[in-house]
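Here is what each chain is made of, one letter per residue.
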Amino acid sequence: MEIIKTPLKDCVIIKNNIISDNRGYFFESFNEKKFKALTGWDGHFVQDNQSQSSFSVVRGIHFQKGEFAQAKLVRVVQGKVLDVAVDLRPGSDTYGQHFSIELSDDNQYQLFVPRGFGHGFSVLSPTATFLYKCDNGYNKSAEGGIHPLDKTLNIDWRINAADAILSEKDSNAPSFEDYLNN
Ligand SMILES: Cc1cn([C@H]2C[C@H](O)[C@@H](COP(=O)(O)OP(=O)(O)O[C@H]3O[C@H](C)C(=O)[C@H](O)[C@H]3O)O2)c(=O)[nH]c1=O
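Residues numbered from 1 in each chain as written. Predicted model: local features only at pLDDT ≥ 70, side-chain atom pairs only at ≥ 80, totals over all residues. Heavy atoms only, no water.

As annotated in an unreviewed UniProt entry, the protein carries the name dTDP-4-dehydrorhamnose 3,5-epimerase and is attributed to Polluticaenibacter yanchengensis. Recorded in UniProt for the protein, the comment headed Subunit (unreviewed entry) runs: "Homodimer." (UniProt positions renumbered as here; feature names shortened; annotations may be inferred.)

Structure representation (structure tokens):
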């Protein structure tokens, strides 16, 4: 396992050690001791989630508020997505900035999205199966969101925005400006 820093402090890429042989491949998809030693993170994951989406779906930008905020360790086990983390930490030098990375069953990269970030992804393959660990449980009443096509965030989802498939919740999410003003 190798940690690669991103321009957003504490948001890091995990490059896994893929062990291949004549049968296929093996890698440790999560090892708490190694992960904590390499990242310095002192949290604990309590929930695993899985979703499957079709091409051109965009899920996000989501976060949970306050004490219910979640750090996430995200990966793709089938297909390819563009994964995006948005720094929403008050006082952060990179507040409002985002980092995007292609996660796929080919590169087997993972992204650690700390608490205080918004998160979303777009699907670049016919289907994508997305898994992620959370260090805090789901709390519907603490959910927050920003419209993924927001002009201020100006995220290039690498799909045709006009074809983006959004949930009703995401279609009605506030703009970044409205988020800032609330
Ligand atoms: C997140 C979550 C959802 N749900 C239920 C609520 C809905 O009935 C259904 C779908 O929820 P939602 O449309 O919010 O799912 P996504 O759009 O995939 O949202 C997730 O994907 C983006 C990219 C994220 O980063 C968030 O972790 C998460 O919000 O699952 C649960 O029962 N537990 C959960 O932890």
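Peer 1: Please set out the packing of aromatic side chains residue by residue, giving values where relevant.
Peer 2: Under the definition given, this model contains 13 aromatic pairs. A centroid spacing of 5.7 Å and a plane angle of 55 degrees characterise the contact between Phe-30 and Phe-35, whose relative ring orientation is tilted. Classification of Phe-30 by relative accessible area gives partly exposed; the value is 27%. Arranged with centres 5.4 Å apart and planes meeting at 70 degrees, the rings of Phe-35 and Phe-112 form a pair that is edge-to-face. Residue Phe-35 is found in helix H1 (residues 32–39), and its partner Phe-112 is found in strand E10 (residues 110–113); the two are separated by 77 residues along the sequence. A relative accessible area of 1% places Phe-35 in the buried class. (Phe/Tyr/Trp six-rings, centres within 6.5 Å; stacked < 30°, edge-to-face > 60°. Buried < 20%, exposed > 50% of the residue type's maximum accessible area, 1.4 Å probe, protein only. Helix = DSSP H or I, 4+ residues; strand = E, 2+ residues; numbered from the N terminus.)

Peer 1: An account of the layout of surface pockets is needed here, citing residue identities and associated values.
Peer 2: Where empty space is left can be seen by rolling a probe of water-molecule size over the atoms. Approximately 760 Å³ is the volume found for the largest pocket. Around the largest pocket, the lining comprises 33 residues; the ones closest to its centre are His-62, Phe-63, Glu-143, Lys-169 and Asp-170. Going through the elements one at a time, strand E5 (47–54), strand E6 (58–64), strand E11 (117–123), strand E12 (127–134), strand E13 (143–145) and helix H2 (168–171) are the ones with two or more residues in the lining of the largest pocket. Of all the elements, E6 adds the most residues to the lining of the largest pocket, at six residues. Of the residues contributing to the lining of the largest pocket, the split by class is 13 nonpolar, 14 polar and six charged. Of the pockets and cavities examined, the second largest pocket occupies roughly 160 Å³. Contributing to the lining of the second largest pocket are Ile-3, Lys-5, Asp-10, Val-12, Leu-38, Thr-39, Gly-40, Trp-41, Phe-112 and Pro-114. (1 Å grid on protein atoms, 1.4 Å probe; cavity = no way out; pocket = protein on both sides within 12 Å on 5 of 7 lines; lining within 4 Å. Points joined across faces, edges and corners; volume = space filled by probe spheres on them. Nonpolar A, V, L, I, M, F, W, Y, C, P; charged D, E, K, R; others polar.)

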